[in-house]
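Report on the structure
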Amino acid sequence: MMDTLADLLIEHLGSVKDYKLLCGVPYTALPIATVMSVKTGVSMVMRRKEAKDYGTRKMIEGKFAEGDSCLIVEDVVTSGGSILETVNDLKNVGLSATDAIVVLNRQQGGENILKINGVTMHSLLTISQLLEYLFEAKCIDQTIVDKVKNYLTDTQIENNTIKIPKYNRLKMAFSARAEYSKNAIGKKLFQIMSDKKTNLCIAADLTSSTKLLTLAEQIGSHICILKTHIDMIEDYSKTFVEKLRNIAKAHNFLIMEDRKFADIGKTVSWQFSKGVYNISSWADLITAHALPGKGLIQAINESEGKERGIFLLAEMSSTGNLCTESYSASSIKLAQEYPESVAGIVCQSPKFVEIPHLIQLTPGIQLDNVGDNLGQQYNSPEHAVMDKGADIGVVGRGITQSENPIAAAENYKNLLWAAYLKRIEN
(Lines give C-alpha, C1' and ligand atoms only; values in the text may rest on other atoms or scores of the structure.)
Protein backbone atom coordinates (compact mmCIF):
# COMPACT_ATOMS: atom_id res chain seq x y z
CA MET A 1 0.00 0.00 0.00
CA MET A 2 2.79 2.44 0.92
CA ASP A 3 4.57 1.55 -2.31
CA THR A 4 1.45 2.34 -4.37
CA LEU A 5 0.79 5.56 -2.43
CA ALA A 6 4.33 6.78 -3.09
CA ASP A 7 3.93 6.07 -6.83
CA LEU A 8 0.66 8.03 -6.95
CA LEU A 9 2.17 11.02 -5.15
CA ILE A 10 5.23 11.06 -7.40
CA GLU A 11 3.02 10.88 -10.51
CA HIS A 12 0.73 13.64 -9.16
CA LEU A 13 3.64 16.05 -8.75
CA GLY A 14 3.73 16.44 -12.52
CA SER A 15 5.65 19.57 -13.43
CA VAL A 16 6.96 20.23 -9.91
CA LYS A 17 10.63 19.39 -10.47
CA ASP A 18 12.54 22.20 -8.81
CA TYR A 19 13.48 20.50 -5.55
CA LYS A 20 16.61 18.77 -4.30
CA LEU A 21 15.29 17.36 -1.04
CA LEU A 22 12.22 15.74 0.49
CA CYS A 23 11.01 16.35 4.04
CA GLY A 24 8.15 14.48 5.68
CA VAL A 25 6.15 16.39 8.30
CA PRO A 26 6.71 14.55 11.59
CA TYR A 27 5.73 11.98 12.29
CA THR A 28 3.00 10.28 10.23
CA ALA A 29 4.34 11.47 6.86
CA LEU A 30 7.90 10.25 7.51
CA PRO A 31 7.39 6.74 6.06
CA ILE A 32 5.67 8.21 2.98
CA ALA A 33 8.57 10.60 2.36
CA THR A 34 11.03 7.75 2.95
CA VAL A 35 9.51 5.54 0.25
CA MET A 36 9.30 8.50 -2.15
CA SER A 37 12.98 9.22 -1.51
CA VAL A 38 13.97 5.63 -2.27
CA LYS A 39 11.90 5.55 -5.46
CA THR A 40 13.03 8.93 -6.84
CA GLY A 41 16.61 8.96 -5.58
CA VAL A 42 15.97 12.40 -4.06
CA SER A 43 17.67 12.81 -0.69
CA MET A 44 15.47 13.19 2.38
CA VAL A 45 15.96 15.36 5.45
CA MET A 46 14.11 14.70 8.67
CA ARG A 47 12.58 17.39 10.86
CA ARG A 48 12.20 16.69 14.56
CA LYS A 49 9.42 18.23 16.62
CA GLU A 50 11.98 18.93 19.31
CA ALA A 51 15.76 18.70 19.57
CA LYS A 52 17.03 15.64 21.47
CA ASP A 53 19.54 15.98 24.30
CA TYR A 54 21.73 13.26 22.77
CA GLY A 55 23.14 12.36 19.35
CA THR A 56 23.45 15.29 16.94
CA ARG A 57 20.74 17.27 18.82
CA LYS A 58 19.60 18.97 15.61
CA MET A 59 16.07 19.97 14.56
CA ILE A 60 16.81 19.12 10.90
CA GLU A 61 18.74 15.90 10.26
CA GLY A 62 20.30 14.93 6.95
CA LYS A 63 22.77 15.96 4.27
CA PHE A 64 22.03 19.27 2.58
CA ALA A 65 23.57 22.53 1.42
CA GLU A 66 22.50 26.06 2.20
CA GLY A 67 19.96 27.27 -0.38
CA ASP A 68 18.69 23.80 -1.34
CA SER A 69 14.98 23.63 -2.16
CA CYS A 70 12.87 21.11 -0.27
CA LEU A 71 9.53 19.47 -1.16
CA ILE A 72 7.40 18.89 1.92
CA VAL A 73 5.40 15.66 2.21
CA GLU A 74 2.28 15.50 4.41
CA ASP A 75 -0.54 13.01 4.89
CA VAL A 76 -3.54 15.21 5.77
CA VAL A 77 -3.93 19.00 5.78
CA THR A 78 -6.53 20.82 7.85
CA SER A 79 -5.09 24.26 8.66
CA GLY A 80 -1.62 23.85 7.17
CA GLY A 81 -0.04 24.71 10.54
CA SER A 82 2.25 21.67 10.66
CA ILE A 83 3.56 22.41 7.17
CA LEU A 84 4.25 26.05 8.08
CA GLU A 85 6.13 24.94 11.22
CA THR A 86 8.21 22.63 9.02
CA VAL A 87 8.88 25.47 6.55
CA ASN A 88 10.04 27.67 9.44
CA ASP A 89 12.48 25.04 10.76
CA LEU A 90 13.82 24.41 7.26
CA LYS A 91 14.39 28.14 6.75
CA ASN A 92 16.29 28.27 10.05
CA VAL A 93 18.96 26.00 8.54
CA GLY A 94 19.09 27.81 5.21
CA LEU A 95 16.70 25.66 3.16
CA SER A 96 13.74 26.86 1.10
CA ALA A 97 10.32 25.22 0.78
CA THR A 98 7.58 26.52 -1.52
CA ASP A 99 5.71 23.32 -2.42
CA ALA A 100 4.00 20.55 -0.45
CA ILE A 101 2.60 17.25 -1.70
CA VAL A 102 -0.34 16.02 0.38
CA VAL A 103 -2.37 12.82 0.42
CA LEU A 104 -5.66 14.38 1.59
CA ASN A 105 -6.88 17.97 1.62
CA ARG A 106 -9.67 18.28 4.20
CA GLN A 107 -10.82 21.52 2.53
CA GLN A 108 -11.08 23.47 5.77
CA GLY A 109 -8.93 26.41 4.70
CA GLY A 110 -5.46 24.92 4.82
CA GLU A 111 -4.77 25.26 1.09
CA ASN A 112 -5.54 28.98 1.12
CA ILE A 113 -3.57 29.59 4.32
CA LEU A 114 -0.54 27.89 2.80
CA LYS A 115 -0.92 29.94 -0.39
CA ILE A 116 -1.03 33.19 1.61
CA ASN A 117 2.20 32.13 3.31
CA GLY A 118 4.01 31.27 0.09
CA VAL A 119 3.47 27.49 -0.09
CA THR A 120 1.66 25.77 -2.98
CA MET A 121 -0.19 22.61 -1.95
CA HIS A 122 -0.56 19.68 -4.37
CA SER A 123 -3.16 17.25 -2.99
CA LEU A 124 -3.69 13.75 -4.31
CA LEU A 125 -7.23 13.75 -3.00
CA THR A 126 -9.76 16.20 -1.51
CA ILE A 127 -12.32 15.27 1.10
CA SER A 128 -15.08 16.00 -1.47
CA GLN A 129 -13.56 13.53 -3.90
CA LEU A 130 -13.20 10.95 -1.15
CA LEU A 131 -16.87 11.35 -0.19
CA GLU A 132 -17.86 10.94 -3.85
CA TYR A 133 -15.83 7.74 -4.23
CA LEU A 134 -17.22 6.27 -1.01
CA PHE A 135 -20.80 7.16 -2.01
CA GLU A 136 -20.41 5.62 -5.46
CA ALA A 137 -19.00 2.46 -3.85
CA LYS A 138 -22.06 2.41 -1.54
CA CYS A 139 -19.82 2.63 1.52
CA ILE A 140 -21.75 5.67 2.81
CA ASP A 141 -25.17 7.17 2.10
CA GLN A 142 -26.20 10.71 1.16
CA THR A 143 -26.95 11.58 4.79
CA ILE A 144 -23.32 11.04 5.75
CA VAL A 145 -22.14 13.01 2.72
CA ASP A 146 -24.34 15.97 3.68
CA LYS A 147 -23.29 15.85 7.34
CA VAL A 148 -19.60 15.92 6.46
CA LYS A 149 -20.04 18.75 3.95
CA ASN A 150 -22.02 20.81 6.47
CA TYR A 151 -19.35 20.18 9.08
CA LEU A 152 -16.62 21.36 6.72
CA THR A 153 -18.60 24.50 5.90
CA ASP A 154 -19.08 25.30 9.60
CA THR A 155 -15.44 24.70 10.58
CA GLN A 156 -13.50 26.75 8.05
CA ILE A 157 -10.16 28.02 9.42
CA GLU A 158 -9.00 31.58 8.79
CA ASN A 159 -5.39 32.59 8.25
CA ASN A 160 -5.38 34.83 11.34
CA THR A 161 -6.04 31.83 13.58
CA ILE A 162 -2.71 30.23 12.60
CA LYS A 163 0.14 31.48 14.71
CA ILE A 164 3.09 32.09 12.44
CA PRO A 165 6.09 33.62 14.18
CA LYS A 166 6.49 37.30 13.31
CA TYR A 167 10.11 37.28 14.42
CA ASN A 168 12.93 34.78 14.39
CA ARG A 169 15.61 35.88 16.85
CA LEU A 170 18.03 33.34 15.40
CA LYS A 171 18.17 35.40 12.20
CA MET A 172 18.29 38.84 13.85
CA ALA A 173 21.38 40.84 14.76
CA PHE A 174 21.86 41.68 18.44
CA SER A 175 21.69 45.39 17.62
CA ALA A 176 18.23 44.91 16.07
CA ARG A 177 16.97 42.80 18.96
CA ALA A 178 18.03 45.45 21.45
CA GLU A 179 15.18 47.62 20.18
CA TYR A 180 12.67 45.10 21.52
CA SER A 181 14.19 44.78 24.99
CA LYS A 182 12.21 46.38 27.83
CA ASN A 183 14.77 45.40 30.47
CA ALA A 184 17.44 48.09 30.76
CA ILE A 185 20.23 45.62 31.53
CA GLY A 186 19.15 43.30 28.74
CA LYS A 187 19.28 46.20 26.30
CA LYS A 188 22.72 47.13 27.62
CA LEU A 189 23.90 43.54 27.18
CA PHE A 190 22.79 43.48 23.54
CA GLN A 191 24.74 46.70 23.01
CA ILE A 192 27.88 45.37 24.70
CA MET A 193 27.81 42.25 22.53
CA SER A 194 27.41 44.33 19.37
CA ASP A 195 30.10 46.85 20.31
CA LYS A 196 32.69 44.34 21.53
CA LYS A 197 31.77 41.62 19.02
CA THR A 198 31.63 38.96 21.70
CA ASN A 199 28.94 36.61 22.99
CA LEU A 200 31.23 34.84 25.46
CA CYS A 201 30.35 34.49 29.13
CA ILE A 202 33.07 33.23 31.45
CA ALA A 203 31.99 31.00 34.33
CA ALA A 204 34.57 32.23 36.83
CA ASP A 205 34.15 29.36 39.28
CA LEU A 206 37.20 30.14 41.42
CA THR A 207 37.57 30.12 45.20
CA SER A 208 40.23 32.81 45.48
CA SER A 209 39.28 36.47 45.08
CA THR A 210 42.79 37.30 43.88
CA LYS A 211 42.68 34.64 41.15
CA LEU A 212 39.23 35.75 40.07
CA LEU A 213 40.25 39.40 39.83
CA THR A 214 43.39 38.45 37.89
CA LEU A 215 41.32 36.38 35.46
CA ALA A 216 38.79 39.22 35.02
CA GLU A 217 41.58 41.66 34.21
CA GLN A 218 43.23 39.23 31.78
CA ILE A 219 40.17 38.27 29.72
CA GLY A 220 37.84 41.23 30.31
CA SER A 221 38.23 42.52 26.77
CA HIS A 222 37.00 39.18 25.36
CA ILE A 223 33.78 38.69 27.36
CA CYS A 224 30.32 40.22 27.64
CA ILE A 225 29.51 38.60 31.02
CA LEU A 226 31.56 37.39 33.95
CA LYS A 227 29.50 34.85 35.89
CA THR A 228 30.21 34.28 39.57
CA HIS A 229 29.20 31.93 42.35
CA ILE A 230 29.97 34.40 45.08
CA ASP A 231 29.52 31.93 47.94
CA MET A 232 32.47 29.93 46.54
CA ILE A 233 34.92 32.75 47.32
CA GLU A 234 36.82 31.75 50.44
CA ASP A 235 38.22 35.22 51.14
CA TYR A 236 35.23 37.34 50.17
CA SER A 237 35.21 41.03 51.10
CA LYS A 238 33.49 44.23 50.01
CA THR A 239 36.81 45.40 48.64
CA PHE A 240 36.87 42.42 46.30
CA VAL A 241 33.44 43.34 44.89
CA GLU A 242 34.49 46.97 44.43
CA LYS A 243 37.59 45.90 42.51
CA LEU A 244 35.56 43.53 40.34
CA ARG A 245 33.09 46.31 39.55
CA ASN A 246 35.95 48.59 38.51
CA ILE A 247 37.37 45.94 36.19
CA ALA A 248 33.93 45.35 34.67
CA LYS A 249 33.55 49.06 34.02
CA ALA A 250 37.02 49.34 32.50
CA HIS A 251 36.48 46.39 30.14
CA ASN A 252 32.76 46.96 29.52
CA PHE A 253 31.28 43.65 30.65
CA LEU A 254 28.42 42.76 33.01
CA ILE A 255 28.59 40.73 36.21
CA MET A 256 26.15 37.88 36.68
CA GLU A 257 25.69 36.23 40.06
CA ASP A 258 24.59 32.67 39.35
CA ARG A 259 22.66 32.37 42.60
CA LYS A 260 19.73 30.42 41.11
CA PHE A 261 17.22 31.89 43.54
CA ALA A 262 14.42 29.41 44.21
CA ASP A 263 12.61 30.30 47.44
CA ILE A 264 9.50 32.19 48.51
CA GLY A 265 9.44 35.89 47.75
CA LYS A 266 10.41 37.28 51.14
CA THR A 267 13.34 34.92 51.53
CA VAL A 268 14.59 35.70 48.03
CA SER A 269 14.32 39.41 48.77
CA TRP A 270 16.60 39.00 51.80
CA GLN A 271 19.00 36.67 49.98
CA PHE A 272 19.28 39.21 47.18
CA SER A 273 19.62 42.47 49.06
CA LYS A 274 20.75 41.56 52.59
CA GLY A 275 23.36 39.40 54.27
CA VAL A 276 27.09 39.23 53.79
CA TYR A 277 27.04 39.36 50.00
CA ASN A 278 24.38 42.07 49.41
CA ILE A 279 24.09 40.86 45.82
CA SER A 280 21.67 43.60 44.74
CA SER A 281 24.36 46.24 45.27
CA TRP A 282 26.80 44.90 42.65
CA ALA A 283 25.30 42.23 40.34
CA ASP A 284 23.98 43.39 36.97
CA LEU A 285 22.39 40.04 36.24
CA ILE A 286 21.14 37.19 38.42
CA THR A 287 19.79 33.71 37.73
CA ALA A 288 16.63 32.26 39.24
CA HIS A 289 14.43 29.20 38.98
CA ALA A 290 10.85 29.78 37.81
CA LEU A 291 9.64 27.16 40.30
CA PRO A 292 8.39 29.64 42.97
CA GLY A 293 6.36 31.55 40.36
CA LYS A 294 5.55 35.25 40.13
CA GLY A 295 6.32 35.98 43.76
CA LEU A 296 10.04 35.48 43.17
CA ILE A 297 10.20 38.02 40.34
CA GLN A 298 8.06 40.50 42.25
CA ALA A 299 10.34 40.20 45.30
CA ILE A 300 13.44 40.86 43.18
CA ASN A 301 11.73 43.84 41.55
CA GLU A 302 10.91 45.38 44.92
CA SER A 303 14.37 44.83 46.39
CA GLU A 304 16.72 47.76 46.87
CA GLY A 305 19.91 48.13 44.86
CA LYS A 306 21.00 48.83 41.29
CA GLU A 307 19.17 48.01 38.04
CA ARG A 308 19.20 44.30 37.34
CA GLY A 309 18.15 41.71 34.79
CA ILE A 310 16.93 38.21 35.61
CA PHE A 311 17.77 35.06 33.68
CA LEU A 312 15.23 32.29 34.37
CA LEU A 313 16.40 28.68 34.20
CA ALA A 314 14.29 26.65 31.77
CA GLU A 315 16.77 23.81 31.13
CA MET A 316 20.03 22.54 32.59
CA SER A 317 23.10 20.97 30.98
CA SER A 318 23.51 18.12 33.47
CA THR A 319 22.52 14.55 32.69
CA GLY A 320 19.26 13.41 34.30
CA ASN A 321 18.05 16.88 35.32
CA LEU A 322 14.33 17.18 36.10
CA CYS A 323 13.48 20.14 33.85
CA THR A 324 10.62 18.73 31.76
CA GLU A 325 9.25 20.19 28.53
CA SER A 326 6.21 21.44 30.44
CA TYR A 327 8.37 23.14 33.07
CA SER A 328 10.52 24.78 30.41
CA ALA A 329 7.45 26.11 28.60
CA SER A 330 6.03 27.47 31.86
CA SER A 331 9.34 29.20 32.64
CA ILE A 332 9.33 30.97 29.26
CA LYS A 333 5.69 31.96 29.71
CA LEU A 334 6.58 33.51 33.09
CA ALA A 335 9.44 35.42 31.47
CA GLN A 336 7.04 36.86 28.90
CA GLU A 337 4.80 38.17 31.67
CA TYR A 338 7.67 40.26 33.08
CA PRO A 339 9.58 41.72 30.10
CA GLU A 340 10.77 44.69 32.19
CA SER A 341 12.43 42.30 34.65
CA VAL A 342 13.53 39.20 32.75
CA ALA A 343 16.43 39.70 30.34
CA GLY A 344 16.81 36.11 29.22
CA ILE A 345 16.49 32.37 29.60
CA VAL A 346 19.08 29.74 30.54
CA CYS A 347 18.42 26.73 28.32
CA GLN A 348 19.91 24.14 26.00
CA SER A 349 17.65 24.39 22.93
CA PRO A 350 15.96 27.07 20.79
CA LYS A 351 12.78 27.33 22.83
CA PHE A 352 11.63 30.88 22.05
CA VAL A 353 12.80 31.82 18.57
CA GLU A 354 9.81 34.15 18.08
CA ILE A 355 10.68 36.34 21.10
CA PRO A 356 13.52 38.69 20.06
CA HIS A 357 14.01 40.50 23.38
CA LEU A 358 14.85 37.38 25.39
CA ILE A 359 18.52 36.32 25.38
CA GLN A 360 19.40 32.63 25.42
CA LEU A 361 22.29 31.80 27.74
CA THR A 362 23.64 28.29 27.17
CA PRO A 363 26.13 26.75 29.64
CA GLY A 364 28.30 23.71 29.07
CA ILE A 365 30.58 24.77 26.22
CA GLN A 366 34.00 23.24 25.82
CA LEU A 367 36.11 22.28 22.82
CA ASP A 368 38.02 19.23 23.98
CA ASN A 369 35.55 17.38 26.17
CA VAL A 370 32.09 15.83 26.04
CA GLY A 371 31.39 15.70 29.79
CA ASP A 372 32.71 15.08 33.27
CA ASN A 373 32.18 12.44 35.94
CA LEU A 374 29.44 14.51 37.64
CA GLY A 375 26.98 14.54 34.75
CA GLN A 376 27.94 17.78 32.97
CA GLN A 377 27.52 17.62 29.18
CA TYR A 378 29.58 19.84 26.88
CA ASN A 379 28.93 21.28 23.43
CA SER A 380 31.17 22.96 20.90
CA PRO A 381 30.70 26.72 20.34
CA GLU A 382 29.31 26.30 16.82
CA HIS A 383 26.91 23.53 17.85
CA ALA A 384 25.63 25.60 20.78
CA VAL A 385 24.94 28.67 18.62
CA MET A 386 23.87 27.11 15.31
CA ASP A 387 21.90 24.10 16.52
CA LYS A 388 20.93 24.82 20.11
CA GLY A 389 20.00 28.46 19.71
CA ALA A 390 22.53 29.99 22.10
CA ASP A 391 22.93 33.75 21.95
CA ILE A 392 25.60 33.68 24.65
CA GLY A 393 27.83 30.70 25.31
CA VAL A 394 29.08 30.00 28.83
CA VAL A 395 32.61 28.63 29.08
CA GLY A 396 34.17 27.67 32.39
CA ARG A 397 36.93 25.12 32.72
CA GLY A 398 37.88 25.47 29.07
CA ILE A 399 39.30 28.86 30.07
CA THR A 400 39.86 28.79 33.83
CA GLN A 401 41.90 25.57 33.65
CA SER A 402 43.77 26.51 30.49
CA GLU A 403 47.52 27.04 30.59
CA ASN A 404 46.90 30.28 28.73
CA PRO A 405 43.49 31.73 29.78
CA ILE A 406 43.89 34.83 27.59
CA ALA A 407 44.49 32.83 24.41
CA ALA A 408 41.70 30.39 25.33
CA ALA A 409 39.22 33.21 25.96
CA GLU A 410 40.10 34.88 22.66
CA ASN A 411 39.67 31.59 20.82
CA TYR A 412 36.26 30.88 22.36
CA LYS A 413 35.19 34.48 21.68
CA ASN A 414 36.13 34.20 18.02
CA LEU A 415 34.45 30.82 17.56
CA LEU A 416 31.21 31.89 19.25
CA TRP A 417 31.05 35.17 17.34
CA ALA A 418 31.78 33.48 14.01
CA ALA A 419 28.94 31.02 14.67
CA TYR A 420 26.59 33.89 15.51
CA LEU A 421 27.48 35.72 12.26
CA LYS A 422 27.00 32.53 10.28
CA ARG A 423 23.61 32.00 11.90
CA ILE A 424 22.19 35.44 11.11
CA GLU A 425 23.65 35.50 7.60
CA ASN A 426 22.21 32.11 6.52
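Provided above is the structure to which this section pertains.
As a starting point, this report considers the structure included with it. Because the structure is predicted, anything quoted here is derived from the model rather than measured.

1. Structural notes on the state of the cysteines
Under the defined criterion, the tally for this structure stands at 0 disulfides. In this structure Cys70 is not part of a disulfide, and its nearest cysteine sulfur, from Cys23, lies 4.9 Å away.

2. Some details on unusual backbone geometry
Cis geometry is found at the peptide bond from Pro26 to Tyr27, where omega equals -5 degrees. Looking at where Tyr27 falls in the secondary structure, it is placed in the loop between β1 (21-24) and α2 (30-40). Residues other than glycine seldom take positive phi values, yet Lys138 does so here, at roughly 60 degrees. Structurally, the position occupied by Lys138 is in the loop between α5 (127-136) and α6 (142-154). Located in the positive-phi region is Lys260, a residue other than glycine, with phi close to 50 degrees.

3. Focus on helix α13 (residues 325-337)
Between the first and last C-alpha of α13 there are 19 Å, a value that for 13 residues agrees with the 18 Å anticipated at 1.5 Å per step. All of the buried residues in α13 are Tyr327, Ser328, Ser331, Ile332, Leu334 and Ala335. One side of α13 carries all its buried residues, which in axial view fall inside an arc of 155 degrees. Exposed residues pointing more than 90 degrees away from the buried face of α13 are listed as Ser326 and Lys333. On its buried side, α13 packs onto β10 (285-289), α12 (294-302), β11 (309-313) and β12 (342-346).

4. Some thoughts on the nonpolar core
Counting 82 residues, the largest nonpolar core has Leu189 and Ile399 as its most contacted members. Among the elements that make up this core, the one with the highest residue count is helix α16 (residues 405-425) (7 residues). Excluding residues within four positions of it along the chain, Leu189 makes contact with Cys224, Ile225, Leu254, Leu285, Phe311, Ile359 and Ile392. Counting 21 residues, the second-largest nonpolar core is a separate cluster that includes Cys23, Ile72, Leu95 and Leu114.

The rules behind each value
Residues numbered from 1 in each chain as written. Predicted model: local features only at pLDDT ≥ 70, side-chain atom pairs only at ≥ 80, totals over all residues. Heavy atoms only, no water. Disulfide = S-S within 2.5 Å. Helix = DSSP H or I, 4+ residues; strand = E, 2+ residues; numbered from the N terminus. Expected span 1.5 Å × (residues − 1). Buried < 20%, exposed > 50% of the residue type's maximum accessible area, 1.4 Å probe, protein only. Arc of directions from axis to C-beta. Contact = heavy atoms within 4.5 Å. Core = buried A, V, L, I, M, F, W, Y, C linked by side-chain atoms within 4.5 Å.

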